[in-house]
Structure formats: structure tokens, C-alpha cells
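Remarks on the overall topology
These are the residues of each chain, in order.
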Amino acid sequence: MRNFFVNVHYQNQVRLDSEEIDLDDLAPDELLIETEWTFISSGTELANYTGVEPQVWQEDGWCKYPWRSGYANVGTVRAKGSEAVRADVGQRVFTYAKHEAWAKFKEERLVYPVPDGLPGDIAVASRMAGVAATSILVPEIKGSPTVVVFGLGIVGNLASQLYGAIGCRVIAVDPVAERRALAARVGVAEQVGGSPEEVQDRILELTGGTGADIVVEAVGHSAVCMQALDATRRHGQLVILGTPRAPVTGNLTDFFGKMHYSCIKVLGALEWQYPFYPAVNADTSQYQKQKMIFEWLEDGRIQLEPLISHRMHPEGIEEAYQGLLNQKDTYTGVALEWK
């Protein structure tokens, strides 16, 4: 069988490649999935595509070129290994498989059934809600705190929605007017734009001069982390949701001094630090997180459909990457349809 897959060959070089695979050659713990939809992660995938991620240049890096991209997949199980137990043949599943027409996926990583009636493009886009949901798991949330979210890409938008769904007051920050308008469309009532100085002044005005109880940095840029720290109140919490990659020159004493004098907690929110399935001594798992996301989608607490700006075929992968990279006002989320 000819299998097609997305391959980042080198910096700013991506294309749809193919290879011959044996569909009957499965490891005992593997599922064979016929892909229906995949979703592009505009953070991780674009960082690797553009070479901003340092590990693309490292000999032992997890994403060293050439790199087969993707980690959001919805499809149907067509066969399974002798020891696979987490899905049945014929079942539609959500997994972290790559952008490829046929995926051989080890079920030790997340496998979750797609709820009946949930469209495949919405189900696969929920992968980004999974990334965002880590931001509500790591801080201590008491009462109805004020939360400021820096960055309204799809992950920041969803983080804003998730905090709103648990009763927080959310103030969303982004310089792009179209992204702020989209946040308003999905129920984020307060948005702030402008220069860093204008944003800081507006946040202090909206919070009565104190700053926010919880601030989420969803951009993945170290310079924005400092701006986010300045928006955090005394004894507040700063959540680093975006992965910092590009080097930034600055004075770390300013950052640590602000943390020290204001007693601010800085918390990392990388989802990969949680187990895939419920485990002893683990407060949560990625399986439980996905269950919550599907339930909240079904009861309307969060919205994904307005965030999918483009549905494309895999042959358009270069156009999709370039759009997400250079047209952030119109490319908010891209789902790839494989069937």
C-alpha cells in the first residue's frame, strides 16, 4: 500500500511524500488507523519548519531534519496487533498520530474514542484544546480569579475559553485585531491590544491597579514572559504555556527580582509531563483531559468550529504552513482532510 505523509525536509521546506508500507505488518501493541483528519499545530510545527526549534539542528534531536510532522489525528481503526486493547476494529479514534494517510500507532500513547456525532474536523482540532488545558491544571485556582492570557493564537484562544468555562474573569491580550474579534466571537468578553506599555496600563486599569491573579503566556516568546510577569499581581501566578524557543537578550535580574519581591509563582505548563493514562500518584492524565474536552465541546462550554479557518487537502501543506506563518489574521487553524 502507498502511504502519504507530511515531511519537513529542511528549514522552510515541506512537502507531501510517499512510501510503500505493509498494512499487515503490525507490532503487538499497534493500531492501524486509516486517517480521516489531521490538524496542524502552528506552534510546534512552525517552530520546527522555520528552524526556530534548536533541536532540528541537533544530531540526536527529536525533530531533526527530515522530520515527519503532526500529532493530531482522527481516523478509523482498520486492524490491530495481538496485544492491542484500547480500540476495536472499525472504531473512530482520536490519537497523537502524525500527518499521514495510514498510521501505525502504538497504543501506549493516547488513544481515545471519538464521541458519536462529533464531526472529525472538530474532534481533531480538540488536540489544541488539550495543549491549552494544561494551563488550567498547573495553577492553584481559588474562587473566581482574574486571568490575563497573552496571545490569541488557537492555543491562547482556547486557554481563554477554558478559564472562562471554570468561572474565571478572562482578559485576553493580542496585537492582532482580528484575533481579538475572534476571541469575542467565542465568548471572551474582554480583549486588550496595543503597545506593551498600553497593554500594561489597560490591565492595571481593568484590575484596579493590582494586576491579575493568574497570567498565562501563550505565545512562546521569552520577551512576552517578562511583559506577562509585569501584569501579575503580588502573590499571583504566571503560567508559561507557550514553549520558549527563540533566544532573547535581557537582564534576568529584572525577571527574578520581580518574582522575588512580589512573591510570584512561575509555573511551566508542558502537557508532556502528564502521563497518557491514569496512573498511581498522578493527579490527572492526558486521557482524563481529553475526556473533559470532548464533554465540554458537546455541552457548548468551549467552541472550536469558529477557530478552524481552513480545511485543506494534504497536497496544500506548504500553502497551509505559509498561511499560518505569514497571515495570522486569516489563518487561525488548519485541518487536513485525508479521505
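Heads up: these notes are all about the structure in this document.

Cut-offs applied
- Residues numbered from 1 in each chain as written.
- Predicted model: local features only at pLDDT ≥ 70, side-chain atom pairs only at ≥ 80, totals over all residues.
- Heavy atoms only, no water.
- Helix = DSSP H or I, 4+ residues; strand = E, 2+ residues; numbered from the N terminus.
- Rg over C-alpha atoms; globule rule 2.2 N^0.38 Å.
- Buried < 20%, exposed > 50% of the residue type's maximum accessible area, 1.4 Å probe, protein only.
- Contact = heavy atoms within 4.5 Å.
- Phe/Tyr/Trp six-rings, centres within 6.5 Å; stacked < 30°, edge-to-face > 60°.
- Lys NZ or Arg CZ within 6 Å of the ring centre and 35° of its normal.
- Axes fitted to C-alpha atoms, helices over the stretch in contact; angles between N-to-C directions.
- Parallel < 35°, antiparallel > 145°, perpendicular 65-115°, else oblique.
- Left-handed = near helix turned anticlockwise from the far one by under 90°.
- Salt bridge = Lys/Arg side-chain N within 4 Å of Asp/Glu carboxyl O.
- Pairing = 2+ DSSP bridges.
- 1 Å grid on protein atoms, 1.4 Å probe; cavity = no way out; pocket = protein on both sides within 12 Å on 5 of 7 lines; lining within 4 Å.
- Points joined across faces, edges and corners; volume = space filled by probe spheres on them.
- Arc of directions from axis to C-beta.
- Polar contact = N/O pair within 3.5 Å; in protein donor to acceptor, adjacent residues only side chain to side chain.
- Core = buried A, V, L, I, M, F, W, Y, C linked by side-chain atoms within 4.5 Å.

As a further point, take the overall build of the protein chain. In terms of helices and strands, the protein chain carries nine helices and 16 strands. Here the protein chain has a C-alpha radius of gyration of 20 Å; the compact-globule value for 339 residues is 20 Å, and the two agree. Viewed in the frame of its principal axes, the protein chain has a C-alpha envelope of about 65 × 40 × 35 Å. The buried share of the protein chain, taken over its 339 residues, is 53%. Across the protein chain, contacts joining residues at least 24 apart in sequence account for 67% of those joining residues at least 6 apart.

This next bit is on the packing of aromatic side chains. Tallied over the entire structure, the rule returns 15 aromatic pairs. Aromatic pair W62 and W67: ring centres 6.0 Å apart, planes at 85°, arrangement edge-to-face. The exposure class of W62 is partly exposed, given its relative accessible area of 46%. The buried category is assigned to W67, whose relative accessible area is 7%. Between Y96 and F276, the aromatic rings sit 6.2 Å apart at their centres with planes inclined by 65°, giving edge-to-face as the arrangement. Remark: F276 occurs in the loop between β14 (265-268) and α8 (286-298) and Y96 occurs in the loop between β6 (92-95) and β7 (102-106); sequence separation between them is 180 residues. For the pair Y96 and F276, one class covers both residues: buried. Grouping aromatic residues by their ring pairs yields a cluster made of Y71, F94, Y96, Y112, W272, F276, Y277, Y287 and F294. Above the plane of the ring of F5 lies R68, whose end atom (NZ or CZ) is 3.7 Å from the centre.

What follows covers the packing of helix α2 (residues 120-137) against helix α3 (residues 154-165). Where α2 contacts α3, the axes come no closer than 8 Å and their chain directions differ by 55°. In terms of orientation, α2 and α3 fall into the oblique class. Seen from above, α2 lies across α3 with right-handed handedness. Contacts between α2 and α3 involve M128, A129, V131, A132, A133, S135 and I136 from the first element and I154, V155, L158, A159, L162 and Y163 from the second.

Applying the stated criterion to the full structure yields 21 salt bridges. The partner of D213 in a salt bridge is R233, and the shortest N-O contact between them spans 2.5 Å. One end of the pair, D213, is in strand β12 (residues 212-217); the other, R233, is in strand β13 (residues 232-240), with 20 residues separating them in the sequence. Each of E19, R68 and E100 takes part in a single network of salt bridges with overlapping partners.

Reading across the sheet, the six strands line up as β11-β10-β9-β12-β13-β14 and stay open at both edges, with parallel pairing between neighbours. Each edge of the sheet is formed by a strand with only one pairing partner; in this case those strands are β11 (190-192) and β14. Neighbouring strand axes in the sheet, compared pairwise and without regard to direction, differ in orientation by 20° on average. With three bridges connecting them, strand β10 (residues 169-173) and β11 associate as parallel partners. Of the residues in β11, the one forming a bridge with A172 is Q191. Lying on the sheet, helix α7 (residues 252-262) is in contact with β13 and β14; it crosses β13 at an angle near 130°.

Moving on, we come to empty space enclosed by the protein. In this structure the tally under the stated criterion is one cavity of 30 Å³ or more. When its volume is computed, the largest cavity comes out at roughly 30 Å³. What lines the largest cavity is L152, G153, I154, R179, L182, L307 and T332.

This part is about helix α5 (residues 196-206). Among the residues of α5, those classed as buried are V199, Q200, I203 and L206. End-on view of α5: buried residues confined to an arc of 130°, all on one side of the axis. Exposed and facing more than 90 degrees away from the buried side of α5 are E197, D201 and E205. Looking at the packing, one finds that the buried side of α5 touches β9 (146-150), β10, β11 and α6 (222-230).

Below, the discussion takes up the side chain of R245. For R245, the location among the structural elements is in the loop between β13 and α7. A polar side-chain atom of R245 sits 2.8 Å from a polar atom in the side chain of E53. Not counting the four nearest positions on each side in its chain, R245 is found in contact with G43, T44, A47, V52, E53, P54 and G220.

Right, let's get into the nonpolar core. If you look at the biggest cluster of nonpolar residues, it comprises 65 residues, and the most contacted ones within it are F39, F94, M128, L158, Y163 and V216. With 10 residues, the top contributor of residues to this core is α2. Other than its neighbours up to four places away in sequence, V216 contacts S135, V147, V148, V149, F150, Y163, V239 and L241. Within the second largest apolar cluster, 25 residues are counted, among which are V6, V14, L46 and A320.

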